[in-house]
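If you want the building blocks of each chain, they are given just below.
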Amino acid sequence: MKLKGDQTTARAMNRRLILNLLRREGPRSRADIATVIGLSPAAVTFVVSDLLEEGIVIEGKTVPGLTGRRPIPVEINYEHSLALGFKLMVDSVECVATDLATNPVAAMRVSLADHDPDAVADLLAGTVPELVKLAGRPKAKLAGIGISMPGVINHEQTACVRSHRFQWDNVPLASLVASRVHVPVWLEDDTNAYAIAQQLFGLGRQHRNMAVLAVGVGISCALVIDGKLYRGANGAAGKFGHTLFEENGRLCECGKRGCLMAYHSELSMLRRWREATGSSEELGLPELCQALASGDATATALVADSGRGIGTALANLVNITDPEVIVAGGEAVSLGDPFLIPLREALAARTFRAAPPLLPDWEDNSWARGAAALVTQKIFDFESSGGVTDVGTLDVRGSTSAA
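Residues numbered from 1 in each chain as written. Predicted model: local features only at pLDDT ≥ 70, side-chain atom pairs only at ≥ 80, totals over all residues. Heavy atoms only, no water.

As annotated in an unreviewed UniProt entry, the protein is Putative NBD/HSP70 family sugar kinase from Rhizobium pisi. What UniProt records for the protein under Sequence similarities (unreviewed entry) is the sentence "Belongs to the ROK (NagC/XylR) family." (UniProt positions renumbered as here; feature names shortened; annotations may be inferred.)

This is the structure:
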């Protein structure tokens, strides 16, 4: 997204401060903004004027002041642009169009039969006009596209360095899609993208230090430290499921034995449940939830064991990073208290200080919204470059598609 000003200028930094204040606190008058941030009224006026001209903020209704004056609040215009998010899974893609607050305005799911990078890029590019049309906002701008997927991602090159599930090495997926749609495209690890959404508009909105646990097909835990997502030296931070759980234990998808996720991911819980019951049926998460609801002893014991296993491992991470809160998401959250209570108990038993609150995320479309958050975060962290395309003139492979 094209933003005014050099990133190194004072006005650019002031812009970021003002937008993030409005994101966290909601509408504020110019005088309030100057007081809270500590900027001069003139500096605030300059930045707000730019933002009003661009349409990123709008003026609200006047409110009575203490002296009878009526300050005019300004607020973020979250309907200014559309952000598209694609969450890649092994057999399908969860797709969402959101406003700038990552509120979904359209959602769909498409099948993913071919993992060839060009085939995936073609599928995503072909879905863009359909998703934009479904959003029904022809006057909106398209701010960009965010793609999330499991794997190690090179953030600078927006390329997938390695994905075990897709069997990809050094795939420049963002570039492949951008060359087809001609709008900015960002790529991120799925749990990192989910953490960004939680930090911007979710359960971590008021926190600068948090852990974001995801228990689904795999297990991962993204970290936000001092307000910034921590990616590590090689983009591989957060691969929590590959910490050692049992020496020479079960084989993990990474090719090593004894990883935490080989025992306690959603898929591993289902596999162990089938083994424990001797069932030949393809039992899934809904059946496991039903068994828990009916008080099935085998299911209850197995899910509690996974909760304790994850909670114990999570305590080690908490003792090192000291987060304010832990946000928990992923399919396993739907297991509810039989999973979450043992997890919290194991966490509390092994943390050096009081365990931070563990906050389950029950929202729909959270993962695809995380992908869309890759677009919206650029407005608030001012790291973005590129253009904004009118939805009505979106170009896919040289053709014009009207929304």
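**A closer look at the overall build of the protein**
Tallying secondary structure elements over the protein gives 12 helices and 19 strands in all. Its C-alpha radius of gyration of 23 Å places the protein within 12% of the 22 Å reference for a compact globule of 403 residues. If you line up the protein on its principal axes, its C-alpha atoms span 70 × 55 × 40 Å. For the protein, restricting intrachain contacts to residue pairs at least 6 apart in sequence, the fraction spanning at least 24 positions comes to 64%. Here the protein contributes 39 positive and 45 negative side-chain charges, whose respective centroids are spaced 6 Å apart. (Helix = DSSP H or I, 4+ residues; strand = E, 2+ residues; numbered from the N terminus. Rg over C-alpha atoms; globule rule 2.2 N^0.38 Å. Contact = heavy atoms within 4.5 Å. Lys, Arg positive; Asp, Glu negative; His and termini not counted. Charge placed at Lys NZ, Arg CZ, Asp CG, Glu CD.)

**Overview of the sheet that holds strand 9 (residues 159–163)**
Pairing in this open sheet of three strands is antiparallel, and the strands run 8-9-10 from one edge to the other. Either end of the sheet is taken by a strand with one partner, and the two such strands are strand 8 (152–154) and strand 10 (168–171). Adjacent strand axes in the sheet meet at a mean angle of 20° when their direction is disregarded. Pairing of strand 9 with strand 10, which is carried by three bridges, proceeds in the antiparallel orientation. (Pairing = 2+ DSSP bridges. Axes fitted to C-alpha atoms, helices over the stretch in contact; angles between N-to-C directions.)

**Notes on the nonpolar core**
Inside soluble globular proteins, nonpolar side chains tend to come together where they are buried. Among the nonpolar cores identified, the biggest contains 46 residues, and I18, L19 and F380 are the most heavily contacted of them. Once residues within four sequence positions are removed from consideration, I18 is found in contact with I33, I37, L39, V44, V47 and L51. The next biggest cluster of nonpolar side chains, apart from the first, holds 40 residues, and it includes F240, W273, L314 and L335. (Core = buried A, V, L, I, M, F, W, Y, C linked by side-chain atoms within 4.5 Å. Buried < 20%, exposed > 50% of the residue type's maximum accessible area, 1.4 Å probe, protein only.)

**Details of the pairing of strand 7 (residues 141–149)**
Burial within strand 7 is extensive, with eight of its nine residues counted as buried. Pairing between strand 4 (residues 81–88) and strand 7: seven bridges, direction parallel. Within strand 7, the residue paired with L84 across the bridge is I145.

**So, the packing of helix 1 (residues 10–25) against helix 12 (residues 366–381)**
In the contact formed by helix 1 and helix 12, the axes pass within 8 Å of each other and the chain directions differ by 125°. When the interaxial angle is binned, helix 1 and helix 12 end up oblique. Residue-level contacts link R16, L19, N20 and R23 of helix 1 to I379, F380 and D381 of helix 12. (Parallel < 35°, antiparallel > 145°, perpendicular 65-115°, else oblique.)

**Some details on the sheet that holds strand 3 (residues 73–76)**
Read from one edge of the open sheet, three strands run 1-3-2, paired in antiparallel fashion. The sheet terminates laterally at strand 1 (28–29) and strand 2 (57–59), the two strands that pair on one side only. Bridging between strand 1 and strand 3 involves two bridges; their strand directions are antiparallel. Its bridge partner lying in strand 3, R28 is registered against V74. Across the sheet, helix 3 (residues 41–54) touches strand 2 and strand 3, and the angle it forms with strand 2 is around 100°.

**As for the side chain of D190**
Inspection of the secondary structure puts D190 in helix 6 (residues 190–201). Note on D190: relative accessible area 8%, which makes it buried. There is a polar contact of 3.4 Å between the side chain of D190 and the side chain of K87. (Polar contact = N/O pair within 3.5 Å; in protein donor to acceptor, adjacent residues only side chain to side chain.)

**Describing the environment of V375**
Residue placement: V375 occurs in helix 12. Measuring from C-alpha to C-alpha, the distance between V375 and G146 comes to 5.8 Å, with 229 residues separating the pair along the chain. Contacts of V375, omitting those with residues within four sequence positions, involve A83, L84, A143, G144, I145, G146 and W186.

**Quick word on helix 3**
Across its 14 residues, helix 3 extends 20 Å between first and last C-alpha, which sits within 8% of the 20 Å expected from 1.5 Å per residue. Burial in helix 3 covers these residues: A43, V44, V47, V48, D50, L51 and E54. Each buried residue of helix 3 sits inside an arc of 155° when the element is viewed along its axis, so together they form one side. Seen from the buried face of helix 3, the exposed residues on the opposite side, beyond 90 degrees, are P41 and E53. Lining the buried residues of helix 3 we find helix 1, helix 2 (30–37), strand 2 and strand 3. Backbone geometry just after helix 3 places G55 at a positive phi near 85°. (Expected span 1.5 Å × (residues − 1). Arc of directions from axis to C-beta.)

**Quick word on the domain arrangement of the protein**
For the protein, the assigned domains are domain 1 (7–76), domain 2 (81–194 + 367–380) and domain 3 (206–360). The straight-line distance from the C-alpha centre of domain 1 to that of domain 2 is 31 Å. (Domains from an automatic or database assignment.)

**Overview of the pattern of salt bridges**
This model, assessed by the stated rule, comprises 11 salt bridges. A salt bridge links R15 to E54, with the shortest nitrogen-to-oxygen separation between them at 2.8 Å. One end of the pair, R15, is in helix 1; the other, E54, is in helix 3, with 39 residues separating them in the sequence. Residues D305 and R272 are paired through a salt bridge, measuring 2.8 Å at the closest nitrogen-oxygen approach. (Salt bridge = Lys/Arg side-chain N within 4 Å of Asp/Glu carboxyl O.)

**Here's the deal with the pairing of strand 4**
The buried fraction of strand 4 is high, at eight of eight residues. Side chains S81, A83, G85 and K87 project from strand 4 onto one buried face, and the interleaved L82, L84, F86 and L88 project onto a second face that is buried too. Both strand 4 and strand 5 (residues 92–98) contribute to a ladder of six bridges, which runs antiparallel. When the sheet's bridge partners are listed, K87 is paired in strand 5 with E94. Two successive antiparallel strands, strand 4 and strand 5, enclose a turn made up of three residues.

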